[in-house]
Amino acid sequence: MNMKVTPNNLSKLEKIFDDAKYVLRFEKGTFTSGYCILEHKKVVVVNKFLNLEGRINTLLDILTTLPLDEEQLTAESHKLYKQIINSKPVPDAEQGDIAPEADQAE
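Treat the numbers as computed from the prediction; the structure is a model and nothing was measured.

The rules behind each value
Residues numbered from 1 in each chain as written. Predicted model: local features only at pLDDT ≥ 70, side-chain atom pairs only at ≥ 80, totals over all residues. Heavy atoms only, no water. Helix = DSSP H or I, 4+ residues; strand = E, 2+ residues; numbered from the N terminus. Buried < 20%, exposed > 50% of the residue type's maximum accessible area, 1.4 Å probe, protein only. Contact = heavy atoms within 4.5 Å. Areas by Shrake-Rupley, 256 points an atom, 1.4 Å probe, with all protein chains shown as cover. Core = buried A, V, L, I, M, F, W, Y, C linked by side-chain atoms within 4.5 Å. Expected span 1.5 Å × (residues − 1).

## Quick notes on the overall build of the protein
- A count of helical and extended segments in the protein gives four helices and three strands.
- Helices and strands appear in the protein in the N-to-C order α-β-β-β-α-α-α.
- Buried positions account for 28% of the 106 residues belonging to the protein.
- Sequence-distant contacts, at least 24 apart, represent 52% of the contacts inside the protein between residues at least 6 apart.
- Here the protein has roughly 7,400 Å² of accessible surface; of this, 48% comes from carbon and sulfur atoms.

This is the structure in structure tokens:
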């Protein structure tokens, strides 16, 4: 999802985590991906040294992988969450095994 890099949009993403009862923390750490998720404790730790754009992109990535209870989200958060989920790229089932042109020619 292409989201403008603004502090307000970061706050909206943080609110989704808050509504879903996840603790979102910005901490110092050596995360290869820039974040760490402790699903059973509902804690998400994001590298505090990421800039605004990095934080937004990381939170977007995390939201597409976390199972959230959508009933807990407020109307505004639910609408944004749905937009994020719907814009998630769909991976190809055969990822590069057969070229699309060859498939159509047969």
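Further notes follow.
## A word on the nonpolar core
- Of all hydrophobic cores here, the largest spans 20 residues; its most connected members are Leu 13, Ile 16, Phe 17, Leu 63 and Leu 68.
- Residue contacts for Ile 16: discarding those within four places in its chain leaves Leu 63, Leu 68, Leu 73, Ser 77, Leu 80, Tyr 81 and Ile 84.

## Description of helix α1 (residues 7-19)
- Helix length check: α1, at 13 residues, gives a terminal C-alpha distance of 18 Å against a target of 18 Å (1.5 Å per residue), a fit within 8%.
- Among the residues trailing α1, Lys 21 stands out with phi positive, at a value near 65°.

Spatial relationships are all this shows, so hold off on functional conclusions.
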